[in-house]
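# Structural characterization, general
Each chain is listed here by its residues.
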Amino acid sequence: GLPMGIVQLEPQRKPLATTINGEPLDGVGGVMNDLVADARGGVYFAVTGAGVFYSNPKGVVSQYGDSVAGANGIILSPDEKTLYVTNGPVVVAFDVKADGALSNQREFGKLRGGQAGDGSAVDDQGRLYVATGASVDVFSPKGEFLGSIAGPQGLHGTAFGGRDKKTLFAIVFYGTWGTGSARNRVIAIPT
């Protein structure tokens, strides 16, 4: 059996989305990288090399964004009215419409602590935290750069957790990519 408090879920039998405009999703010209689900039952996902996509709850996929081939870390604001996506050295923001569609693409902020954005998180006050490869850059809900939280080289994902949701966890890659020495570890950063 599983340890107390752990529930084993049955795997989903039917994929939510497999095609866009009749073509397989895996043929859109990139690598599916990050995703975030919304309260409506839809999923936004970043495809590095192709852009930003949304699958509505019925599995209909739409593509959004202009010049966002570097799409990676993707997260919704706490009120789900703004979607943030890293695009290389910048963060792009979109307004989210009631049906999940995206509009008003704009540059939200420039990353300063590393080379390119990756996994992102938001806190309960709407501040955005973006892994940059060597740090976590922090932005206000208005896009003001608030500073960088230094981290080890290879820092590529973030999430809040702990009892008070004030611990920032991060994934750190080390070793040589594509070899047996490639590893990841999780670190905790008190905030």
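Structure's up top.
Quick caveat, the model's predicted, so the values are computed rather than measured. (Residues numbered from 1 in each chain as written. Predicted model: local features only at pLDDT ≥ 70, side-chain atom pairs only at ≥ 80, totals over all residues. Heavy atoms only, no water.)

### Concerning the overall build of the chain
Along the backbone of the chain there are zero helices and 16 strands. Out of the 191 residues in the chain, the part that is buried amounts to 42%. If you take every contact in the chain between residues at least 6 apart in sequence, the share linking residues at least 24 apart comes to 32%. In the structure as shown, the chain presents an accessible area of about 10,700 Å², 53% of it carried by carbon and sulfur atoms. (Helix = DSSP H or I, 4+ residues; strand = E, 2+ residues; numbered from the N terminus. Buried < 20%, exposed > 50% of the residue type's maximum accessible area, 1.4 Å probe, protein only. Contact = heavy atoms within 4.5 Å. Areas by Shrake-Rupley, 256 points an atom, 1.4 Å probe, with all protein chains shown as cover.)

### Section: the sheet that holds strand E3 (residues 31-37)
Reading across from one edge, E3-E4-E5-E6 is the order of the four strands in this open sheet, with antiparallel pairing throughout. At either margin of the open sheet sits one strand with a lone partner, and together these are E3 and strand E6 (61-64). Strand-to-strand twist across the sheet, computed as the mean angle between neighbouring axes with direction ignored, equals 25°. Two strands pair when backbone bridges link them, and E3 and strand E4 (residues 43-48) are joined in this way by six bridges, in the antiparallel orientation. Counted as the bridge partner of Ala37 is Val43 from E4. (Pairing = 2+ DSSP bridges. Axes fitted to C-alpha atoms, helices over the stretch in contact; angles between N-to-C directions.)

### Concerning the pattern of salt bridges
Applying the stated criterion to the full structure yields four salt bridges. With a shortest N-O distance of 3.1 Å, Asp95 and Arg106 are connected by a salt bridge. Highlighted residues: Asp95 in strand E9 (residues 90-96) and Arg106 in strand E10 (residues 102-110), separated in sequence by 11 residues. With relative accessibility at 29%, the residue Arg106 sits in the partly exposed group. (Salt bridge = Lys/Arg side-chain N within 4 Å of Asp/Glu carboxyl O.)

### Some details on the packing of aromatic side chains
Enumeration over the complete set of coordinates arrives at six aromatic pairs. Grouped by ring-pair contacts, the aromatic residues Tyr84, Phe108, Phe139 and Phe145 constitute a single cluster. When the ring centre of Tyr174 is taken as origin, the NZ or CZ atom of Arg185, which lies over that ring, is 5.6 Å away. (Phe/Tyr/Trp six-rings, centres within 6.5 Å; stacked < 30°, edge-to-face > 60°. Lys NZ or Arg CZ within 6 Å of the ring centre and 35° of its normal.)

### Quick word on the sheet that holds strand E16 (residues 183-190)
If you walk across this open sheet you meet the six strands as E11-E12-E13-E14-E15-E16, and the pairing is antiparallel. Of all strands in the sheet, those bounded by a partner on one side alone are strand E11 (120-122) and E16. Direction aside, the axes of adjacent strands within the sheet are offset by 30° on average. In terms of strand pairing, strand E13 (residues 133-139) meets strand E14 (residues 145-161) through six bridges, oriented antiparallel. Bridge pairing in E14 places Gly133 opposite Leu155.

### A few points about the nonpolar core
In this structure, Tyr44, Val52, Ile74, Leu83, Val91, Leu102 and Leu128 are the most contacted members of the largest nonpolar core, which totals 27 residues. Of all the secondary structure elements, the ones that give two or more residues to this core are E4, strand E5 (51-55), strand E7 (71-76), strand E8 (82-87), E9, E10 and strand E12 (128-131). It is E9 that provides the largest number of residues to this core, a total of six residues. (Core = buried A, V, L, I, M, F, W, Y, C linked by side-chain atoms within 4.5 Å.)

### Here we look at the pairing of E4
Burial analysis of E4 places five of its six residues in the buried class, which makes it a mostly covered element. From the end of E3 to the start of E4, which pair antiparallel, there are five residues, and Gly41 there has a positive phi angle of about 100°. Hairpin geometry of E4 and E5 is characterised by an intervening segment of two residues between the two adjacent antiparallel strands and by a positive phi of about 105° at Gly49.

### Notes on the pairing of E5
In terms of burial, E5 is a largely internal element, five of the five residues being buried. Pairing analysis gives five bridges linking E4 to E5, with the strands arranged antiparallel. Across the sheet, Phe45 pairs through a bridge with Phe53, a residue of E5. Where E5 and E6 come together, four bridges link them in antiparallel fashion. Its bridge partner lying in E6, Ser55 is registered against Val61. Count of turn residues in the E5/E6 antiparallel hairpin: five residues, of which Gly59 carries a positive phi of about 90°.

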